[in-house]
Amino acid sequence: MQKNTPIVLAAFGTTSRALDTYSFIDTAVKNAFPNHPVRWAYTSRMVRSHMKKKHQANMKDPVQVLDELSGQGYGWAVVQSMHLICGHEFYRLLDEVRESRLRTSMGLPLLTSPVDYRQLTDAILGNGLAGDGTATVLIGHGTDHPAWTAYPALQQIIQVSGVNIHVATVEGESAMEQTVDRVMQTGVKHVHLVPLMLVAGVHLQEDIAGDEDSWKQAFLDAGCKVTVKENGLGKHPAVVDIFVRHIHDALAIIPEQTL
């Protein structure tokens, strides 16, 4: 009897407030692919070590998961990257997956094609956070990888809509001071800070919503009311739909008789 291709969701992992987000994504993917086994893998060695030491959680890396699937008789697997952009972590994942003896088809990160950017923009606009006298600042992790261009690309696409939404990053080119000045020049009195991250973990607690040297404090110091959204993108159904579409694309290139 032919087994259906398993789907491996490969996330960086986090040591804080991730399990409910991962559970939400897991349910959505299983509902979209009811006949395919779904597994999770975590690329961060530091996170795996921390979770094993503190919580006795046995979080497996991608090669471990793929080798287990190979031992169970599967010939192919889809590995769906749960990263936002094609940066350092995504390419490390590609290198890891090549070490497995199982043949794989890779599902691409959240923001890869123009369709992805437009779909994410629609999801953000659908939240209705930017109205009269308000602005929304989407704050991503940032990167020194050439994929940093994903952030200004998203900003450009959002700007076409004419709403007061800004894209910034914790690290990289988008300096906090300049971003705060640019937002305040629009005359807003209320700013919504939204994590542009799959999971709102340590970066939310410290860099975005913390009491010192945070984005929240910077806008408060500028005389603005601040609201912080505590959930990352992984709790937004329309965002998870982008990953689901990427899984469909990855399944589509696997020889039909092995699906």
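Before any of the text, the structure's been laid out above.
Residues numbered from 1 in each chain as written. Predicted model: local features only at pLDDT ≥ 70, side-chain atom pairs only at ≥ 80, totals over all residues. Heavy atoms only, no water.

Undergrad: Can you lay out the sheet that holds strand β5 (residues 134-140) for me, pointing to particular residues and giving the numbers?
TA: Ordered by their spatial adjacency, four strands build an open sheet running β6-β5-β7-β8, and the pairing between neighbours is parallel. One side of each edge strand has no neighbouring strand; the edge strands of this open sheet are β6 (165-169) and β8 (225-228). Across the sheet, the mean angle from the axis of one strand to that of its neighbour is 25°, orientation sign disregarded. With five bridges connecting them, β5 and β6 associate as parallel partners. Bridge pairing in β6 links V137 to H166. Sheet strands touched by helix α6 (residues 150-159): β5 and β6. Its angle to β6, the strand with the most contacts, is close to 175°. Running at roughly 175° to β6, helix α7 (residues 176-184) makes contact with β5, β6 and β7 (190-195) of the sheet. (Pairing = 2+ DSSP bridges. Helix = DSSP H or I, 4+ residues; strand = E, 2+ residues; numbered from the N terminus. Axes fitted to C-alpha atoms, helices over the stretch in contact; angles between N-to-C directions. Contact = heavy atoms within 4.5 Å.)

Undergrad: Quick one: what's the story with the side chain of H190, residue by residue and with numbers?
TA: Relative to the elements of secondary structure, H190 occurs in strand β7. When neighbours within four sequence positions are excluded, H190 is seen to be in contact with G133, T134, A135, C224, K225, V226 and T227.

Undergrad: Describe the nonpolar core, listing the residues and the values that go with them.
TA: Core analysis: the biggest nonpolar cluster contains 45 residues, and L9, L110, L120 and L196 have the highest contact counts within it. Of all the secondary structure elements, the ones that give two or more residues to this core are β1 (7-11), α1 (19-32), β2 (38-42), β3 (76-81), α5 (114-125), α6, β6 and α10 (237-252). Residue contributions to this core peak at eight residues, all from α10. For L110, the contacting residues outside a window of four places in its chain are H83, L84, D116, L120, L233, V239, I242, F243 and H246. (Core = buried A, V, L, I, M, F, W, Y, C linked by side-chain atoms within 4.5 Å. Buried < 20%, exposed > 50% of the residue type's maximum accessible area, 1.4 Å probe, protein only.)

Undergrad: Which residues make up the pattern of salt bridges, and what are the values?
TA: Taken as a whole and judged by the stated rule, the model has seven salt bridges. With its nearest N and O atoms 3.0 Å apart, the salt bridge here joins D26 to K30. Placement of both D26 and K30 in helix α1 is noted, with a separation of four residues, approximately one turn of the helix. As a salt-bridge pair, E68 and K60 come within 2.5 Å of each other at their nearest N and O atoms. Residue classification places E68 among the partly exposed positions, given a relative accessible area of 36%. The exposure class assigned to K60 is partly exposed, which follows from its relative accessible area of 26%. (Salt bridge = Lys/Arg side-chain N within 4 Å of Asp/Glu carboxyl O.)

Undergrad: Please give an account of the side chain of S105 that cites residues and values.
TA: The residue S105 is located in strand β4 (residues 103-107) in this model. Judged by relative accessible area, S105 falls into the buried class, the value being 2%. Of note is the side chain of S105, whose polar atom sits 2.7 Å from the backbone oxygen of A250. Those residues within four positions of S105 in sequence are excluded, and the remaining contacts are W76, A77, V78, V79, A250, I253 and I254. (Polar contact = N/O pair within 3.5 Å; in protein donor to acceptor, adjacent residues only side chain to side chain.)

Undergrad: Account for the sheet that holds β2, naming residues and giving values.
TA: Pairing is parallel across the open sheet formed by four strands, whose spatial order is β2-β1-β3-β4. A single partner strand is all that each edge strand has here, and the edge strands are β2 and β4. Taken pair by pair, the neighbouring strands of this sheet meet at an average axis angle of 30°, ignoring direction. In the sheet, β3 pairs with β4 via five bridges, with the strands oriented parallel. Considered in β4, the bridge of Q80 is made with G107. Its contacts with the sheet put helix α3 (residues 62-71) on β1, β2, β3 and β4, and the angle it makes with β2 is roughly 150°. Across the sheet, helix α4 (residues 88-97) is in contact with β1, β3 and β4; its angle to β4 comes to roughly 170°.

Undergrad: Requested: an account of unusual backbone geometry, with residues and values cited.
TA: In this structure, D213 is a non-glycine residue whose phi angle is positive, near 50°. You can see D213 is positioned in the loop between α8 (202-208) and α9 (215-221).

Undergrad: Pulling in residues and values, what's your account of the packing of α5 against α6?
TA: The description of two helices packed together rests on the angle between their axes and the distance between the axes. At a minimum axis separation of 10 Å, α5 and α6 run at an interaxial angle of 60°. As judged from the angle between their axes, α5 and α6 are oblique. By crossing handedness, the relation of α5 to α6 is classed as right-handed. Contacts between α5 and α6 involve Y117, L120, T121 and I124 from the first element and A150, A153, L154, I157 and I158 from the second. Of the residues in the contact of α5 with α6, the class split is eight nonpolar, one polar and no charged. (Parallel < 35°, antiparallel > 145°, perpendicular 65-115°, else oblique. Left-handed = near helix turned anticlockwise from the far one by under 90°. Nonpolar A, V, L, I, M, F, W, Y, C, P; charged D, E, K, R; others polar.)

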